[in-house]
Amino acid sequence: MFSVKNKKVLITGGSSGIGLALVKHFIAAGAEVMVIDLQPSVELAEAGAEIFVADVGNETELAEAFQKAATDRKLDVVINNAGIALPEGRYEDADLANLDKVLHVNVRGVYLGLKYASRYLNDGGCIINTASAAAHITFPEYSSYSVSKGGVLAMTRTAALQLGRRGIRVNAVSPGTVLTPMESIDGPEARISAQATALERPARVEDIMGAYHFLAADESSYITGTEIRVDGGWIAGMTYNLMDKALA
Ligand SMILES: NC(=O)c1ccc[n+]([C@@H]2O[C@H](COP(=O)([O-])OP(=O)(O)OC[C@H]3O[C@@H](n4cnc5c(N)ncnc54)[C@H](O)[C@@H]3O)[C@@H](O)[C@H]2O)c1
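Residues numbered from 1 in each chain as written. Predicted model: local features only at pLDDT ≥ 70, side-chain atom pairs only at ≥ 80, totals over all residues. Heavy atoms only, no water.

## Quick word on the confidence of the model for the protein
A residue-level look at the protein finds 100% of positions with pLDDT of 70 or above and a mean pLDDT of 97. For the protein, helix α2 (residues 42-47) is the element with the lowest average pLDDT, namely 91, and strand β6 (residues 169-175) is the one with the highest, namely 99. (pLDDT = per-residue confidence, 0-100. Helix = DSSP H or I, 4+ residues; strand = E, 2+ residues; numbered from the N terminus.)

Shown next, in the form of structure tokens:
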């Protein structure tokens, strides 16, 4: 049940954090794993994944990386996971360079990932995009990131409609706060998630692997154009912790 054995899986942003955990998870589950990232990492090499260095927002680099990854046989699963978050401020002081950087990776990178996944995936394959709970729960000074992840969800639905005739499924995983180099245990998001989630803690990378595995497996063959939220109950609503604070 839920086997991903022998599937050929390409993961962007696989050198660190969630992507690296996905690499290890899919290799342990018997998949052949390839990575596209800006940089190699020692852990990635030790895990046994092949890496192609490319900026996901650069079409020439990404096209070449996909072509190399699919040289011997086409891909079964593409996980568009590379993403960045940058500190931001209020609109009145906005630095548009920040917006451009975030959109370059999180929107252009996923858009191009969908373009080349469409070309190099087997019919019957699947695409999983890493979105974020931030597509739904916005913060007062965290606009670019939420915009970008809302865009990922929109592209997920559009691509599902385009690729359905080939039996290719396209879905998103939307994590809440996950402890990675992007989010440290003492960072603001981790502290907020202790108050704002039903489970009263941020996620570990292991907590979110199941959603990707489930979507990649053939048993999910009628699931497309949708999103699995793995957010510890953040989007579910008001927690006891927040109510207690508000009503104290
Ligand atoms: N950590 C969280 O709390 C959290 C929550 C929700 C969603 N996400 C999303 O999960 C994904 C992974 O995040 P993470 O926490 O593992 O971050 P991370 O910083 O640990 O890893 C991101 C990886 O993407 C790579 N990358 C960045 N820009 C790239 C580019 N232009 N081209 C190719 N590779 C690039 C980095 O080199 C790195 O290996 C991102 O899309 C992020 O937005 C993270």
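Text resumes after the structure shown.
## Some words on the site of the ligand
If you check the shell around the ligand, you find 29 residues, and the closest are S16, D37, Y145, V178 and T180. At 2.8 Å from an oxygen atom of the ligand is found a main-chain nitrogen or oxygen belonging to I18. Within the side chain of D55, one N or O atom sits 2.9 Å away from a nitrogen atom of the ligand. Notes on the ligand: free accessible area 830 Å², of which the protein chains cover 93%. Mapped by element, the contributors of at least two residues to the shell around the ligand are α1 (17-28) and α5 (143-163). Looking at the shell around the ligand residue by residue, the class counts come to 13 nonpolar, twelve polar and four charged. (Near = heavy atom within 4 Å. Polar contact = N/O pair within 3.5 Å; in protein donor to acceptor, adjacent residues only side chain to side chain. Areas by Shrake-Rupley, 256 points an atom, 1.4 Å probe, with all protein chains shown as cover. Nonpolar A, V, L, I, M, F, W, Y, C, P; charged D, E, K, R; others polar.)

## Brief notes about the packing of helix α3 (residues 59-69) against helix α4 (residues 96-120)
One way to put it is that α3 packs onto α4 with a least axis distance of 10 Å and a crossing angle of 35°. When you trace α3 past α4, the crossing you get is right-handed. Contact with α3, carried on its side by E59, L62, A63, F66 and Q67, involves R108, L112, G113, K115, Y116, A117 and Y120 of α4 and no other residues of that element. Residues belonging to the contact of α3 with α4 are distributed by class as follows: seven nonpolar, two polar and three charged. (Axes fitted to C-alpha atoms, helices over the stretch in contact; angles between N-to-C directions. Left-handed = near helix turned anticlockwise from the far one by under 90°. Contact = heavy atoms within 4.5 Å.)

## Observations concerning the packing of aromatic side chains
Inspection of every chain in the model, using the stated rule, returns six aromatic pairs. Each ring, one from F66 and one from Y120, has its centre 6.3 Å from the other, and the planes form 25°; the classification is stacked. On the criterion of sequence distance, the pair formed by F66 in helix α3 and Y120 in helix α4 is long-range, its members being 54 residues apart. Residue classification places F66 among the buried residues on the basis of a relative accessible area of 0%. For Y120, a relative accessible area of 22% corresponds to the partly exposed category. (Phe/Tyr/Trp six-rings, centres within 6.5 Å; stacked < 30°, edge-to-face > 60°. Buried < 20%, exposed > 50% of the residue type's maximum accessible area, 1.4 Å probe, protein only.)

## A short note on the side chain of N98
Here N98 shows up in helix α4. Polar side-chain contacts of N98 include one of 3.1 Å to the backbone oxygen of P87. Beyond its immediate chain neighbours, meaning those up to four positions away, N98 contacts L86, P87 and E88.

## Some remarks on the nonpolar core
Core analysis: the largest hydrophobic core is formed by 33 residues, its most contacted members being L10, I36, F66, I127 and V170. Breaking this core down by element, the ones donating at least two residues are β2 (32-37), α3, β4 (75-80), α4, β5 (121-130), α5 and β6. Residue contacts for V170: discarding those within four places in its chain leaves L114, I127, N129, T156, A159, A160, L163, T224, G225 and T226. In this structure, V9, V23, I79 and A203 belong to the second largest nonpolar core, which totals 30 residues. (Core = buried A, V, L, I, M, F, W, Y, C linked by side-chain atoms within 4.5 Å.)

## Thoughts on the sheet that holds β5
Taken in spatial order, the seven strands line up as β3-β2-β1-β4-β5-β6-β7 in an open sheet, and their pairing is parallel. The strands lining the two open edges of the sheet, one partner per strand, are β3 (50-53) and β7 (227-230). Averaged over neighbouring strand pairs, the angle between their axes works out to 20° when direction is ignored. Direction of pairing for β4 relative to β5: parallel, over a ladder of five bridges. By the bridge assignment for β5, I79 is matched with I128. In the packing of α3 onto the sheet, the strands contacted are β1 (8-12), β2, β3 and β4, and the crossing angle to β2 comes to about 165°. (Pairing = 2+ DSSP bridges.)

## Some points on a nonpolar patch on the surface
A cluster of nonpolar side chains, namely M238, L242, M243 and L247, defines an oily patch on the protein surface of about 410 Å² accessible area. Structurally, L242 is set in helix α8 (residues 240-247). (Patch = residues over 30% accessible without salt bridge, like charges linked within 9 Å, V, L, I, M, F, W, Y side chains within 5 Å. Salt bridge = Lys/Arg side-chain N within 4 Å of Asp/Glu carboxyl O.)

## Some words on the environment of Y111
Relative to the assigned elements, Y111 resides in helix α4. Owing to a relative accessible area of 55%, Y111 belongs among the exposed residues under this scheme. As a C-alpha pair, Y111 and A159 span 48 residues in sequence and 9.4 Å in three-dimensional space.

## Thoughts on α4
An ideal rise of 1.5 Å per residue puts 36 Å on 25 residues; α4 measures up with 34 Å between its terminal C-alpha atoms. Along α4, the helix axis deviates most sharply at L103, where the bend reaches about 40°. Along α4, the residues classified as buried are N98, V102, V105, N106, G109, V110, L112, G113, L114, Y116, A117 and S118. Turning to α4, the residues buried within the fold contact α3, β4, β5, α5 and β6. (Expected span 1.5 Å × (residues − 1). Bend = angle between axes of the 7 residues up to and from the residue.)

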